[in-house]
Amino acid sequence: MNTAPDHTNPTQPLLQFAEAVVVRSGAPILSIDSFVLHERENIAVLGPNGSGKSTFIKLITREVFPLHRDDPPVLFRGSERVLLTEVKKCIGVVSSTMQDQITAHISVEDVVLGGLFGTLGVLPHFQVLEDSKEQALRAMSLMGVQDLAPRDMKTLSTGQARRVLFARALVNDPDVLVLDEPCTGLDPEGMFHIRESMRHLAQAGKSIVLVTHYPEDVIPEIMRVVLLKEGRVFADGLKDELLSSETMTALFEVPLQIQRRRGYYSLVSEY
Ligand SMILES: Nc1ncnc2c1ncn2[C@@H]1O[C@H](COP(=O)(O)OP(=O)(O)OP(=O)(O)O)[C@@H](O)[C@H]1O
């Protein structure tokens, strides 16, 4: 098998999982029989708590590894072996838990620059070039947080901090944005702005991989949804078909109703 990455071949998917199984404490917590993500495709991964969404994302970002098989269970742009630096350059990640991981006093600019090194700040031995500072400024401007650059990250509101984390994910100008529950903890205004940002980024050509519990986060640009349940793919297909009251009720195992308005979906509990 040719394991050299091929960025020029448009027929090569960005990502392929085949019989990918992740085991923890002796038991499988995620088993994906087959999954393909094409370049510039937007998807939403939905599922109840504990269904395996974070593990699925970590398979994509190469933070967890599946059980070894002779046929590789994960291919990145057709390649089995890929450098972590290459993955980090291609994929920007935003997770609602990142903010909690910042325990020291770090400036907003340093948090954004950290995206260039795959860290949440700038370590003393990192060499920050003028170009890097310009990259950080561009990413901050894109998210409208450039005025916050000197501020201590710990002094920001949750909404401001989330936009800074988006800027951090964008600093490398990645092809793909993996957004792990990007609206968690935000008020309605914060959610609105994050959903609008997701729309702009998708329209600018970024591939969006969104993980969420809520159909409300599924922006109109996302056409495909992957539903996870108990560590397996429950369904994978068109949003219009799968975001139905019947399928959501079966996924979450409580009576739910889906409403659709102007390209957005919302979930209502039936009491
Ligand atoms: N180290 C571990 N040992 C045992 N079980 C684990 C371990 N890590 C994760 N799990 C289990 O794997 C399952 C999937 O976890 P994961 O965090 O991927 O789910 P999730 O869908 O992201 O959940 P949530 O929506 O609550 O964030 C859960 O049942 C979890 O308890």
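Here is what the cut-offs are and how they apply
- Residues numbered from 1 in each chain as written.
- Predicted model: local features only at pLDDT ≥ 70, side-chain atom pairs only at ≥ 80, totals over all residues.
- Heavy atoms only, no water.
- Helix = DSSP H or I, 4+ residues; strand = E, 2+ residues; numbered from the N terminus.
- Buried < 20%, exposed > 50% of the residue type's maximum accessible area, 1.4 Å probe, protein only.
- Contact = heavy atoms within 4.5 Å.
- UniProt positions renumbered as here; feature names shortened; annotations may be inferred.
- Phe/Tyr/Trp six-rings, centres within 6.5 Å; stacked < 30°, edge-to-face > 60°.
- Near = heavy atom within 4 Å.
- Polar contact = N/O pair within 3.5 Å; in protein donor to acceptor, adjacent residues only side chain to side chain.
- Areas by Shrake-Rupley, 256 points an atom, 1.4 Å probe, with all protein chains shown as cover.
- Nonpolar A, V, L, I, M, F, W, Y, C, P; charged D, E, K, R; others polar.

J.: So what's going on with the environment of Ile 222? Which residues, and what values?
T.: Structurally, the position occupied by Ile 222 is in the loop between strand E7 (207–212) and strand E8 (224–229). Overall, Ile 222 belongs to the buried group, its relative accessible area being 0%. Beyond its immediate chain neighbours, meaning those up to four positions away, Ile 222 contacts Asn 42, Ile 43, Ala 44, Ile 208, Leu 210 and Lys 239.

J.: Outline the UniProt feature "domain: ABC transporter" (unreviewed entry) in the protein chain, supporting the account with residue identities and numerical values.
T.: Under the present numbering, the feature "domain: ABC transporter" (unreviewed entry) in UniProt falls on residues 15–255. Secondary structure across residues 15–255 divides into 34% helix and 24% strand, with the first and last C-alpha atoms of the span separated by 34 Å.

J.: Report on the packing of aromatic side chains, specifying residues and quantitative values.
T.: The full count for this structure, using the stated rule, is 3 aromatic pairs. An angle of 40 degrees between the planes, with centres 5.4 Å apart, marks the rings of Phe 17 and Phe 35 as tilted. A residue pair is termed long-range when its members are at least 10 positions apart, and Phe 17 in strand E1 (residues 15–24) and Phe 35 in strand E2 (residues 27–37) qualify at 18 residues. Ring centres 5.6 Å apart and planes at 75 degrees place the aromatic pair Phe 17 and Phe 56 in the edge-to-face group. Of this pair, Phe 17 sits in strand E1 while Phe 56 sits in helix H1 (residues 53–60), placing them 39 residues apart in sequence. Under the relative-accessibility criterion, Phe 17 is labelled buried at 2%. Taken together, the aromatic side chains of Phe 17, Phe 35 and Phe 56 make up a single cluster linked through ring pairs.

J.: Tell me about the site of the ligand, and name the residues and values.
T.: In the vicinity of the ligand, the residues found are Arg 24, Ser 25, Ile 29, Pro 48, Asn 49, Gly 50, Ser 51, Gly 52, Lys 53, Ser 54, Thr 55 and His 213. One of the backbone nitrogen or oxygen atoms of Ser 51 is found 3.1 Å away from an oxygen atom of the ligand. Take Lys 53: an N or O atom from its side chain is 2.7 Å from an oxygen atom of the ligand. In the complex, 58% of the free accessible area of the ligand, which totals 640 Å², lies under the protein chains. Among the elements that take part in the shell around the ligand, H1 stands out by supplying 3 residues, more than any other. For the shell around the ligand, the per-class residue count stands at 2 nonpolar, 8 polar and 2 charged.

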